[in-house]
Amino acid sequence: MDIDLRFFATFREAVGEKERTRTVDDDATVGDVLTALEAEYDGLEGQLLEDGTIRPQLSVLKNGRNVVHMEGVDTTLAEGDVVSVFPPVAGG
């Protein structure tokens, strides 16, 4: 099945594009996708997951809803889902 991935700020720089479509297994989870992204892009290695969970301060959305309010890394994906990955934001 195909899902859309969207990257922001430093993650966009690491991937080299704002958005891409990715084919994943029918039983894929958010954790599966994040693991694959860390393995594929050097700039993302160790930036998305920590001890099998989404790193603190990181926002990962499935169709606009933060996956920490769903099933975290075990959140399942379906055809056409949009997964957005936001790095920590600092400022003041």
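Please read these numbers as outputs of a predicted model, since none were measured by experiment.

Rules behind the numbers
Residues numbered from 1 in each chain as written. Predicted model: local features only at pLDDT ≥ 70, side-chain atom pairs only at ≥ 80, totals over all residues. Heavy atoms only, no water. Pairing = 2+ DSSP bridges. Helix = DSSP H or I, 4+ residues; strand = E, 2+ residues; numbered from the N terminus. Buried < 20%, exposed > 50% of the residue type's maximum accessible area, 1.4 Å probe, protein only.

## A look at the sheet that holds strand S7 (residues 82–86)
Line of reasoning, step 1. Spatial strand order, S2-S1-S7-S5-S6: five strands in an open sheet with mixed pairing. Each edge of the open sheet carries a strand with a single partner, namely strand S2 (19–23) and strand S6 (65–66).
Line of reasoning, step 2. Of the strand pairs in this sheet, strand S1 (residues 2–7) and S7 are connected by four bridges, and their pairing is parallel. Paired with Leu 5 across the strands is Val 83, a residue of S7.

## Structural notes on the pairing of S7
Two faces make up the sheet, and in a regular strand the side chains alternate between them.
Line of reasoning, step 1. Where burial is concerned, most of S7 is hidden: four out of the five residues are buried.
Line of reasoning, step 2. Bridge analysis of strand S5 (residues 59–62) against S7 gives four bridges, and the strand direction is antiparallel. In the sheet register, Ser 59 faces S7, and the bridge partner there is Phe 86.

Function-wise, these values are silent; they only describe arrangement.
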